Amino acid sequence: MAWIPLKPLVVLVLGYLQLCNATLSRRQCSATLSDASTIANELQSKYYNTGSGQYNDGELWTDANTLEDLHNLMLAAGNDDYSTVADNSYIGKAALNSNTDWSSFLGGSNDDAQWLILSLWKIADYKAARGLDNSAYLSSAAKVYDIIAGQWDNTCGGGVWWSTAHTYKNAITNELFLLTSASGYLRNRNQTYLDNANKEWAWLSASGMQGSNKLYNDGLDSSTCANNNQTAWTYNQAVVASGLGALYSATGNSSLLDHAETSLTATISLLTENNILKESCDDASSGGATCDHDQQIFKGIWTKHVQYYLDWANDASRTSKFSSFLGSQYSAVIHYGMNASHDVGSVWYAPDNGGSQWQPEASASGLEAVISAAKYGPC
């Protein structure tokens, strides 16, 4: 029997173990992405209307998120399963038409507009990755961004209005403006975008919308400009984090990451049951749930924007803080949220006892949780 020196033998064994671990990691992530594709296929089959290019009973902002999700999935899985959806959707047709009147298309909604920007960018990223022309999507996103930037004024000291009616300044619209400004700067290096991001964060951080419990509530009282103490929805806690992650990537200021994690960790502590995200309107029992279409997608958006935050942070020590929690959301979606047809209902925290709601927004929410776990969950 040939003698193998100890050091080369140790190197050989360690190399084999590393290879095994890498293979297992790829295999587990691949399985997670397979689950995501199964959910996406049911979502498209059950809820997507190919004639109108819209999701049944969907809205502009939730449709935009869902198109973003399909392209996020294709970029992760390296496939082209939904490659024709964007151009044939009503959103894609508007983007491809240089004569689109975006102010009319947006209907005065400044938060919907920015979800649209994120979707247009993700579609553009997919097209770029496939060597396809993405210029119409980038151009459309820039036009929409300029509309939103014009919605900033000094009422309540600053901030973007929720709608062109100028009746409300709220968290999500301004968190999105932080994100679209900072991540837009990273795309185009337009100094105006970075200036807007810094201006937005200076105002948002001083606005009082983040309470003493570190959760961002819905918005400001229109008469006093004080925190209106309305619901702290899950998605508000992560969109601000992804915006701060993008601003960190643009500036190198790591204190932004520390602040981002205050609302993320508060979510895990205060907006969960059995370590699973639970919206205040979620109820597994029959007749108990009251979440509307919008609210059914909030939890998935939290997971998606944690993914984006971790992308920007690019720090293994920060990833490790949220990896197991993302894995738990994935497990809950598969074991509690999903039915035999692979549709995902609105309730994740417990088995459905008749309270889960079944809409395209709930299905997209589950899809978002699974895609995020495929990248940053335990693999």
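Conventions used here
- Residues numbered from 1 in each chain as written.
- Predicted model: local features only at pLDDT ≥ 70, side-chain atom pairs only at ≥ 80, totals over all residues.
- Heavy atoms only, no water.
- Helix = DSSP H or I, 4+ residues; strand = E, 2+ residues; numbered from the N terminus.
- Rg over C-alpha atoms; globule rule 2.2 N^0.38 Å.
- Buried < 20%, exposed > 50% of the residue type's maximum accessible area, 1.4 Å probe, protein only.
- Contact = heavy atoms within 4.5 Å.
- Areas by Shrake-Rupley, 256 points an atom, 1.4 Å probe, with all protein chains shown as cover.
- Lys, Arg positive; Asp, Glu negative; His and termini not counted.
- Charge placed at Lys NZ, Arg CZ, Asp CG, Glu CD.
- Phe/Tyr/Trp six-rings, centres within 6.5 Å; stacked < 30°, edge-to-face > 60°.
- Lys NZ or Arg CZ within 6 Å of the ring centre and 35° of its normal.
- 1 Å grid on protein atoms, 1.4 Å probe; cavity = no way out; pocket = protein on both sides within 12 Å on 5 of 7 lines; lining within 4 Å.
- Points joined across faces, edges and corners; volume = space filled by probe spheres on them.
- Nonpolar A, V, L, I, M, F, W, Y, C, P; charged D, E, K, R; others polar.
- Axes fitted to C-alpha atoms, helices over the stretch in contact; angles between N-to-C directions.
- Parallel < 35°, antiparallel > 145°, perpendicular 65-115°, else oblique.
- Left-handed = near helix turned anticlockwise from the far one by under 90°.

Where an unreviewed UniProt entry is consulted, the protein appears under the name Glycoside hydrolase family 76 protein, with the organism given as Hygrophoropsis aurantiaca.

**Student:** Help me understand the overall build of the protein, please; the structure alone is not making it clear to me.
**Tutor:** Regarding its fold elements, the protein presents 14 helices and four strands. Relative to the 2.2 N^0.38 estimate, which gives 21 Å for 379 residues, the radius of gyration of the protein is 21 Å and therefore close to what a compact globule would have. With the principal axes as the frame, the protein shows a C-alpha extent of 85 × 45 × 45 Å. Buried positions account for 54% of the 379 residues belonging to the protein. Within the protein, contacts between residues separated by at least 24 positions form 67% of all contacts whose residues are at least 6 apart in sequence. Here the protein displays about 15300 Å² of accessible surface, and carbon together with sulfur accounts for 50% of that area. The centroid of the 20 positive side-chain charges in the protein is displaced by 10 Å from the centroid of its 36 negative side-chain charges.

**Student:** So what exactly am I meant to see when it comes to the packing of aromatic side chains here?
**Tutor:** Using the criterion set out here, one finds 15 aromatic pairs in the structure. Both rings, one in Trp 102 and one in Phe 105, keep their centres 5.1 Å apart while their planes meet at 75°; by these two values the pair is edge-to-face. Of this pair, Trp 102 and Phe 105 both sit in helix α5 (residues 102-106), three residues apart, which is roughly one turn of the helix. When its relative accessible area of 5% is taken as the criterion, Trp 102 is described as buried. Assessed through its relative accessible area of 26%, Phe 105 is described here as partly exposed. Ring geometry for Trp 152 and Phe 177: centres 6.4 Å apart, planes at 40°, overall tilted. Here Phe 177 lies in helix α8 (residues 171-188) and Trp 152 lies in the loop between α7 (135-149) and α8, a separation of 25 residues in the sequence. You'll find Trp 152 and Phe 177 in the same group, each marked buried. Three or more aromatic residues joined by ring pairs make a cluster, and in this case those are Trp 61, Trp 115, Trp 233, Tyr 235 and Phe 298. The ring of Trp 348 is capped by Lys 299, whose NZ or CZ atom sits 5.0 Å from the centre of that ring.

**Student:** Any chance you could explain the layout of surface pockets here in plain terms?
**Tutor:** A water-sized probe, rolled over the atoms, reveals where empty space remains. One number sums up the size of the largest pocket: a volume of about 300 Å³. Considering the residues around the largest pocket, the lining is formed by 17 residues, among which Asp 111, Trp 162, Tyr 235, Asp 294 and Phe 298 are closest to the centre. Of the residues forming the lining of the largest pocket, the biggest block, three residues, is contributed by helix α6 (residues 110-129). Among the residues forming the lining of the largest pocket, the class breakdown is eight nonpolar, three polar and six charged. In this structure, the second largest pocket encloses a volume near 250 Å³. Around the second largest pocket, the lining residues are Glu 68, Leu 75, Leu 118, Trp 121, Lys 122, Asp 125, Leu 179, Ser 183, Arg 187, Tyr 308, Asp 311 and Trp 312.

**Student:** Just checking my understanding: could you explain the packing of α7 against α8 for this structure?
**Tutor:** Axis angle and axis distance: for two packed helices, these are the angle between their axes and the distance between the axes, and together they describe the pair. Two elements in contact, α7 and α8, have axes separated by 12 Å at closest approach and are oriented at 135°. In terms of orientation, α7 lies oblique with respect to α8. Considering how the two elements wind past one another, α7 and α8 form a crossing that is left-handed. Together, Leu 138, Tyr 145, Ile 148 and Ala 149 of α7 and Phe 177, Thr 180, Ser 181 and Arg 187 of α8 make up the contact between the two elements.

**Student:** Is there a simple way to think about the side chain of Ser 346 in this case?
**Tutor:** Looking at where Ser 346 falls in the secondary structure, it is placed in the loop between α13 (316-337) and α14 (360-376). Looking at Ser 346, the relative accessible area reads 1%, which means it is buried. What Ser 346 contacts, discounting residues up to four positions off in sequence, is Asp 282, Gln 296, Lys 299, Gly 355, Ser 356, Gln 357 and Ala 362.

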